Amino acid sequence: MSDISSFPNSRLRRTRVTGWSRAMVRETMLSSADLIWPLFVTEGEGIEEPIATLPGVSRWSVDQIVMRAAEAIELGIPCIALFPNTQADRRTEDGAEAFNPDNLMCRAIRAIKQAHGDRIGVLTDVALDPYTTHGQDGLIDDDGYVVNDDTVAVLVDQAINQANAGADIIAPSDMMDGRVGAIRKALEMNGHHNVQIMSYAAKYASAFYGPFRDAVGSRGLLKGNKKCYQMDPANTDEAMREVAMDIAEGADSVMVKPGLPYLDIVRRVRDRFDVPVFAYQVSGEYAMIEAAAAAGAGDRDALVLETLMAFKRAGCSGILTYHAALAARLLRVRTA
């Protein structure tokens, strides 16, 4: 027996006539608490460096990052994600700067925590690409192949370095096999029992990452591609295996990356696994919205909120987005 009566007993437009009615029956809710704001850190003081391929996004010096964290708190954004633009003279083939306790990332973490304490969460990226001269996420052998187990060992050192500095969430984005378990074990052994792991569990070898590589200074350095460790965009069942393994190894939450082109993956993860699921609206997605708005092809504010709602509707617990501050302001106006 159908649960929908026939017309005119059922007029589905009845509940759409007024704003208050649409709000009352809305199935999916989006708030500033659903947002994580990615921020790029650079050297210096009082520095803002606009990123040409990410209009409206800048690299900030540590003192300015502390101010962005204050802005996030005021807007009700619960967490920021940090990515360093490491100076060229500190990049090496082995990415050793990643486990320097006084590196750019660690100084930013400490400054944010000293200024704001637990009023804001700090998520930190674990991967070697911001620190290597070759732009790969791990160590490479003589043939240029990114080796797995040796990379995992140094990623553990990187993760502990960030946790010691005060990171709240460790987010390994490298896609090496076994790294979540190794990081979880090391966190426990070093007394970081409450540091979360948000695993980039289903990270695809995507064409949408270009502006991000500009932001962290690795685009011109990248030798080859990342297809031997990031996922094939054609695969979905493999993503379920990746997520299952990371949860079994100790991930507190998982991430799908990129975002909008992979909402089917988000939905499958949400339906199958009982953990928080996040998606990363990556730099290329952000840049396309900005380009569309600049060309007059759509209203920026409406495009931003509609795409973020799509993430929530697909099952996301939250979204990493460069539009986080804008979206939080728009949502504040909407609910005022």
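Given the structure is predicted, the values throughout are model-derived calculations rather than measurements.

Colleague: Account for a positive patch on the surface, with residues named and values stated.
Modeller: A surface patch of like charges, here positive, comprises Arg11, Arg13, Arg14 and Arg16. Positionally, arginine 13 belongs in the segment before helix 1 (19-24). Looking at arginine 13, the relative accessible area reads 65%, which means it is exposed.

Colleague: Can you lay out the nonpolar core for me, pointing to particular residues and giving the numbers?
Modeller: In this structure, Ile80, Leu82, Ile112, Ile265 and Val269 are the most contacted members of the largest nonpolar core, which totals 83 residues. In contact with isoleucine 265, other than residues within four places in its own chain, are Ala202, Tyr204, Asn235, Thr236, Ala239, Met240 and Val256. The next biggest cluster of nonpolar side chains, apart from the first, holds 24 residues, and it includes Val57, Ala81, Met198 and Tyr200.

Colleague: Can you explain the pattern of salt bridges? Please cite residues and give values.
Modeller: All chains considered together, the criterion is met by 19 salt bridges. Glutamate 71 is the partner of arginine 68 in a salt bridge, and the nearest nitrogen-oxygen pair spans 3.0 Å. Taken as a pair, arginine 68 and glutamate 71 lie in helix 2 (residues 62-75) at a separation of three residues, close to a single helical turn. By the burial criterion, arginine 68 is buried, and glutamate 71 matches it. The network of salt bridges with shared partners includes Asp129, Asp137, Lys203 and Lys226.

Colleague: Describe in detail the packing of helix 9 (residues 283-294) against helix 10 (residues 300-314), supporting the description with residues and values.
Modeller: For the pair helix 9 and helix 10, interaxial distance at closest approach is 9 Å and the crossing angle is 150°. On the basis of the axis angle, helix 9 is roughly antiparallel to helix 10. Here helix 9 runs over helix 10; the crossing is right-handed. On the side of helix 9, the interface is formed by Glu285, Ile289, Glu290, Ala292 and Ala293, while helix 10 contributes Arg300, Leu303, Val304, Thr307 and Phe311.

Colleague: Can you lay out the pairing of strand 4 (residues 79-84) for me, pointing to particular residues and giving the numbers?
Modeller: Within a regular beta strand, the side chains point alternately toward one face of the sheet and then the other, so they alternate between its two faces. A large share of strand 4 lies buried, amounting to six of its six residues. Across the two faces of strand 4 the burial is the same, with Cys79, Ala81 and Phe83 and Ile80, Leu82 and Pro84 all buried. One ladder, built from six bridges, connects strand 1 (residues 35-42) with strand 4; its direction is parallel. Looking at strand 4, one finds that tryptophan 37 is bridged to isoleucine 80. Taken together, the four bridges between strand 4 and strand 5 (residues 121-126) define a ladder with parallel strand orientation. Paired with isoleucine 80 across the two strands is valine 122, which belongs to strand 5. Each parallel crossover has a hand, and the one from strand 4 via helix 3 (residues 104-116) to strand 5 is right-handed.

What counts and how
Residue numbers here run from 1 along each chain, matching the order of that chain's written sequence. In keeping with the predicted nature of the model, local features appear solely for residues at pLDDT of at least 70, side-chain atom pairs appear and are counted solely at 80 or more, and the whole-chain, interface and lining totals rest on all residues. The side-chain figures draw on all heavy atoms in the structure; neither hydrogens nor water molecules are used. Candidate patch residues must exceed 30% relative accessible area and have no salt bridge, after which like charges are joined if within 9 Å and Val, Leu, Ile, Met, Phe, Trp or Tyr side chains if within 5 Å. Under the convention used here, a 1.4 Å probe and the Shrake-Rupley method define accessible areas, while residue burial counts only the protein chains that appear. Basic side-chain nitrogens of Lys or Arg form a salt bridge, by our definition, when they fall within 4 Å of a carboxyl oxygen of Asp or Glu. Charge convention: Lys and Arg are scored as positive, Asp and Glu as negative, and His as well as the terminal groups of each chain are ignored. The location of each charge is read from NZ of Lys, CZ of Arg, CG of Asp or CD of Glu. Segments assigned H or I by DSSP are reported as helices when at least four residues long, segments assigned E as strands when at least two residues long, and all are numbered from the N terminus. Exposed residues in this analysis have more than 50% of their type's maximum accessible area, buried residues have under 20%, and partly exposed residues fall in between, with area computed by a 1.4 Å probe over protein chains only. Here the nonpolar core consists of buried residues drawn from Ala, Val, Leu, Ile, Met, Phe, Trp, Tyr and Cys, with membership extended through side-chain atoms lying within 4.5 Å. Whether two residues are in contact is decided by their heavy atoms, any of which lying within 4.5 Å being enough. In this analysis, axes come from line fits to C-alpha atoms, helices being fitted only over the stretch in contact, and the angle between any two N-to-C directions falls in the range 0 to 180 degrees. Any angle that is under 35 degrees is reported as roughly parallel, and any over 145 degrees as roughly antiparallel; angles of 65 to 115 degrees are reported as roughly perpendicular and all others as oblique. Left-handed describes a crossing whose near helix is turned anticlockwise from the far helix through less than a right angle; right-handed describes the clockwise counterpart. Between any two strands, at least two bridges found by DSSP are needed for them to pair. Crossovers are described as right-handed under a simple rule: with the strands pointing away from the observer, the path leading from the first strand over the helix to the second runs clockwise.

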